[in-house]
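Take a look at the letters that make up each chain.
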Amino acid sequence: MSSESSKKRKPKVIRSDGAPSEGKRNRSDTEQEGKYYSEEAEVDLRDPGRDYELYKYTCQELQRLMAEIQDLKSRGGKDVAVEIEDRRIQSCVHFMTLKKLNRLAHIRLKKGRDQTHEAKQKVDAYHLQLQNLLYEVMHLQKEITKCLEFKSKHEEIDLVSLEEFYKEAPPDISKAEVTMGDPHQQTLARLDWELEQRKRLAEKYRECLSNKEKILKEIEVKKEYLSSLQPRLNSIMQASLPVQEYLFMPFDQAHKQYETARHLPPPLYVLFVQATAYGQACDKTLSVAIEGSVDEAKALFKPPEDSQDDESDSDAEEEQTTKRRRPTLGVQLDDKRKEMLKRHPLSVMLDLKCKDDSVLHLTFYYLMNLNIMTVKAKVTTAAELITPISAGDLLSPDSVLSCLYPGDHGKKTPNPANQYQFDKVGILTLRDYVLDLGHPYLWVQKLGGLHFPKEQPQHTVIADHSLSASHMETTMKLLKTRVQSRLALHKQFASLEHGIVPVTSDCQYLFPAKVVSRLVKWVTIAHEDYMELHFTKDIVEAGLAEDTNLYYMALVERGTAKLQAAVVLNPGYSSIPPIFQLCLNWKGEKTNSNDDNIRAMESEVNVCYKELCGPRPSHQLLTNQLQRLCVLLDVYLETESHDDSVEGPKEFPQEKMCLRLFRGPSRMKPFKYNHPQGFFSHR
């Protein structure tokens, strides 16, 4: 125990020996009481580099002492504690040195920051001064620029040239001896001369104004006179109406028509002008009139007027429509189609009178968005006609004008641009709308001066008067011919349905006096039914059976023989003859495919039709062909050889005189009738 306590006390003795005595410390304190120690002052005297070297040396010494203390502790021994204590004291001294160096470093850092802050403040002050100077420089530059760009009012004045100035200005203003060498005086002199000229012009302007006022007063007086004259002229016109009616000179009505014509679209206007001119020059019976609402036509060219009342009404309507259901896509497409096919409010009416007092009423319309014209037709007669069943399509508005020119059936739009417009609104073809809108025939477009070239389409098609004038006369003649031929067919069909073939006195010489075969049936058939007949294949394959033609079936009988005749009636009848296809039911079925004589009968009717035309305009061609068909059936049956094995009289005794019954290996029969001899021969 005593040894351990002694060991513990030994270090204290050593520390007391190594430490300075109390008396010495008191003396040193008393010596330094009269002095002032400041580390901040010491920082200025010390070298930072040496302090850094001292810092590194101190750290190295601390590392070495720590390593020695660690080594001594690991070895152990009796004298180790004294060495460890000694090294610990040395380490404490080094720690004190590090603390001092740390304080000096912080003081240096604070001083560096203070110095940096002072320098920054100086830089900021200099920068502010620089900015102030730059702003003053910029302000001065702007003022200089304003001064340089300053323009005087006299520069905007268009002064006379120098030559004109010195030539016209008086010497007291020009002062050539002074102004020639001084640009400033020269400008002042030119301004004085300009002022002098303007004074003169102002005086002249006032004189013109006074003259203008006098003229305006005279105009007002004349206007009052003319306004008072208008009622008098109207009263005179009203009083002259009976005279105009008596002399057939409707000036008042014509004047109203021309006033209304100003609101027609260009194609209808061209049609109106050209039809009126044609009526005055060539056809006095042609009547031209304008129908429709003039107010609606005027509204098409007026811009919509905006007003507060309209806005309030639209707001109220919007509140109501928001509560309603929105229109579906189908309804929107229907609205777009109606807008696409919208017609102009005005239309042109043509009344074309024929010789038998029948009238063809034509109403021409203009489709504004499609830029095409359409027409609706109606035929009226002086006496009411009894319409036969087979004549139902002859005078129908849908077919009466079909193919007036070859191939012009009026089912398709003539404007190639319309197809792209139809695709946008879902319209497949115009055929579905022609009953309501009218037929867009090509000749209708030409009467309106419209031409749509297919090879080189134009962006805008303009109505041309010359095009309308070149087609007007020909088209009017064709229209009259069409109406007369249809009316003639209408009367003929009424007789044919009763089994009577009407032959006029002018055509009696074309047939023998006695014709035994008779027509027992005349009906109309559909185009599809005609296509299905087995004996019409030749016509179908030749492309002559078009859907625009009219088709009929005739039945001619004599005894047990029955002859069926399928007739193709072209809309251009009688300039284009009807076509007959025959089928004879007697001793079997005989057609042009198995009997050469049936083919010869068809040739007599179809090929030699010119012999049957009769007097112009050849409206009796169809009935003459049917009568010739009855005669041909008589010849065919009477010239047929009799079977000797059958007892009894011959079914068809020969009543026609024939020079020769048969000819050639095909035993062709004599079908040609020779007038006035009255016999039949071969062709």
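All of these numbers come straight from a predicted model, not from anything done at the bench.

Student: Before we go on, may I ask you to explain the packing of helix H22 (residues 596-606) against helix H23 (residues 621-638) in this structure?
Tutor: Geometrically, a packed helix pair is captured by the angle between its two axes and the distance between the axes. Remark: H22 packs on H23, axes separated minimally by 10 Å, with the N-to-C direction vectors making an angle of 155°. The orientation of H22 with respect to H23, classified from their angle, is roughly antiparallel. When you trace H22 past H23, the crossing you get is right-handed. Where H22 approaches H23, its residues Asn-597, Ile-598, Met-601, Glu-604 and Val-605 are matched on the opposing element by Gln-625, Arg-628, Leu-629, Leu-632, Leu-633 and Tyr-636. Its residues placed into classes, the contact of H22 with H23 shows 7 nonpolar, 2 polar and 2 charged.

Student: Before we go on, may I ask you to explain the nonpolar core in this structure?
Tutor: One broad rule of soluble globular proteins: the nonpolar side chains tend to lie buried together. Ranked by internal contacts, the top residues of the largest apolar core, which has 49 residues, are Leu-350, Leu-360, Leu-362, Phe-364, Leu-401, Trp-443 and Leu-479. Of all the secondary-structure elements, those providing two or more residues to this core are helix H12 (266-281), strand E1 (287-292), strand E2 (346-353), strand E3 (359-367), strand E4 (372-380), helix H16 (418-425), helix H18 (442-447) and helix H19 (465-496). Excluding its chain neighbours within four sequence positions, the residues that come into contact with Leu-350 are Leu-271, Ala-275, Ser-287, Val-288, Leu-360, His-361, Leu-362, Phe-364 and Met-476. Counting 48 residues, the second-largest nonpolar core is a separate cluster that includes Trp-522, Leu-563, Leu-569 and Phe-652.

Student: Would you explain H23 in this entry?
Tutor: Helical geometry: 3.6 residues make up each α-helical turn, so side chains three or four residues apart lie on a common side. Under the 1.5 Å per step criterion, the end-to-end length of H23 is 26 Å for 18 residues, consistent within 8% with the ideal 26 Å. In terms of burial, H23 is a largely internal element, 18 of the 18 residues being buried.

Student: What exactly am I supposed to notice about the environment of Asp-393 here?
Tutor: Looking at where Asp-393 falls in the secondary structure, it is placed in the loop between E4 and H16. When near neighbours in sequence (up to four residues on either side) are disregarded, Asp-393 contacts Ser-399, Arg-486 and Leu-550.

Student: Sorry if this is basic, but what is going on with the layout of surface pockets here?
Tutor: Empty space among the atoms can be located by rolling a probe the size of a water molecule over them. In this structure, the second largest pocket spans a volume of roughly 460 Å³. As for the second largest pocket, its lining consists of 24 residues, and the residues nearest its centre are Gly-572, Tyr-573, Ser-574, Ser-575 and Ile-576. Split into classes, the residues belonging to the lining of the second largest pocket amount to 10 nonpolar, 11 polar and 3 charged.

Student: Just to check I follow, could you spell out the pattern of salt bridges for this structure?
Tutor: If charged atoms from side chains of opposite charge come close, those side chains can pair. A complete count under the given rule lists 30 salt bridges for this structure. Among the salt bridges present, the one from Glu-39 reaches Arg-103, with a minimum N-O distance of 3.0 Å. With a gap of 64 residues between them, Glu-39 in helix H3 (residues 39-45) and Arg-103 in helix H5 (residues 80-149) connect regions that are remote in the sequence. Residue classification places Glu-39 among the buried residues on the basis of a relative accessible area of 18%. In this structure, Arg-64 engages Glu-61 in a salt bridge whose closest nitrogen and oxygen atoms are separated by 2.5 Å. Taken together, the residues span about one helical turn, with Arg-64 and Glu-61 both in helix H4 (residues 48-75) at a distance of 3 residues.

Student: Honestly, the sheet that holds strand E5 (residues 518-525) in this entry has me stumped. Any pointers?
Tutor: What links the strands of a sheet is backbone hydrogen bonding, and the strands pair in either a parallel or an antiparallel sense. Read from one edge to the other, the open sheet built from 5 strands follows the order E5-E6-E7-E8-E9, with strand pairing classed as antiparallel. The two strands at the open ends of the sheet, each matched to only one other strand, are E5 and strand E9 (589-590). Across 2 bridges, strand E8 (residues 579-585) lies against E9 in antiparallel orientation. The residue bridging Leu-584 from the neighbouring strand is Lys-590, located in E9. Taken strand by strand, H22 contacts strand E7 (561-569), E8 and E9, and its axis lies near 150° from that of E8.

Student: Would you mind showing me how to read the sheet that holds E4 here?
Tutor: Strand order in the open sheet formed by 4 strands is E1-E2-E3-E4, with antiparallel pairing between adjacent strands. Strand pairing shows two members of the sheet lacking a second neighbour, E1 and E4, which therefore form its edges. In this sheet, neighbouring strand axes are inclined to one another by 25° on average, regardless of whether the strands run parallel or antiparallel. Those strands touched by H19 are E2, E3 and E4, and its axis lies near 60° from that of E2.

Student: How should I be thinking about the packing of H19 against H23 in this particular structure?
Tutor: Where H19 meets H23, the closest approach of the two axes is 10 Å, and the angle between their N-to-C directions is 30°. The angle between the axes of H19 and H23 places the two elements in the roughly parallel class. Here Leu-489, Gln-492, Phe-493 and Leu-496 of H19 lie close against H23, whose contacting residues are Leu-622, Thr-623 and Leu-626. In terms of residue class, the contact of H19 with H23 is made up of 5 nonpolar, 2 polar and no charged.

Student: Before we go on, may I ask you to explain a nonpolar patch on the surface in this structure?
Tutor: A surface patch of nonpolar side chains, about 340 Å² in accessible area, is lined by Leu-140, Ile-144 and Leu-148. You can see Leu-148 is positioned in helix H5.

The rules behind each value
- Numbering of residues starts from 1 in each chain and follows the order in which that chain's sequence is written.
- Selection of residues for local features in this predicted model requires a pLDDT of at least 70, selection of side-chain atom pairs for listing and counting requires 80 or more, and totals for whole chains, interfaces and linings are taken over all residues.
- Just so you know, side-chain values use all the structure's heavy atoms and leave hydrogens and water out.
- Helix axes are fitted to C-alpha atoms over the stretch in contact, other axes to C-alpha atoms as well, and angles between N-to-C directions run from 0 to 180 degrees.
- Helix and strand definitions here come from DSSP, where helices need a minimum of 4 consecutive H or I residues and strands a minimum of 2 consecutive E residues; each element is numbered from the N-terminal end.
- In what follows, roughly perpendicular refers to angles from 65 to 115 degrees, roughly parallel to angles under 35, roughly antiparallel to angles over 145, and oblique to any angle outside these ranges.
- When the near helix sits turned anticlockwise from the far one by under a right angle, the crossing is termed left-handed; a clockwise turn instead gives a right-handed crossing.
- Contacts were defined at the residue level, with two residues in contact if any of their heavy atoms lie within 4.5 Å.
- Under the scheme applied here, ten amino acids are nonpolar (Ala, Val, Leu, Ile, Met, Phe, Trp, Tyr, Cys and Pro), four are charged (Asp, Glu, Lys and Arg), and all others, including Gly, are polar.
- To define a nonpolar core, start from buried Ala, Val, Leu, Ile, Met, Phe, Trp, Tyr and Cys residues and group those joined through side-chain atoms within 4.5 Å.
- Using a 1.4 Å probe on the protein chains alone, a residue whose accessible area is under 20% of its type maximum counts as buried, one over 50% counts as exposed, and one in between counts as partly exposed.
- Multiplying 1.5 Å by the residue count of a helix minus one yields the expected span of that helix.
- Within this scheme a cavity is a closed region of a 1 Å grid, computed over the protein atoms alone, that accommodates a 1.4 Å probe without allowing it to escape, whereas a pocket is open but has protein on both sides within 12 Å along at least five of seven lines; lining residues each have an atom within 4 Å of a point.
- Grid points are joined across faces, edges and corners, and a volume is the space filled by probe spheres set on the points.
- For this analysis, a salt bridge means a side-chain nitrogen from Lys or Arg found within 4 Å of a carboxyl oxygen belonging to Asp or Glu.
- By the convention used here, strands pair only if DSSP detects at least 2 bridges between them.
- Patch membership requires over 30% relative accessible area and the absence of a salt bridge. Like charges are linked within 9 Å, and nonpolar side chains (Val, Leu, Ile, Met, Phe, Trp, Tyr) within 5 Å.
- Only the protein chains shown count as cover for residues, and the accessible areas themselves come from Shrake-Rupley with a 1.4 Å probe.

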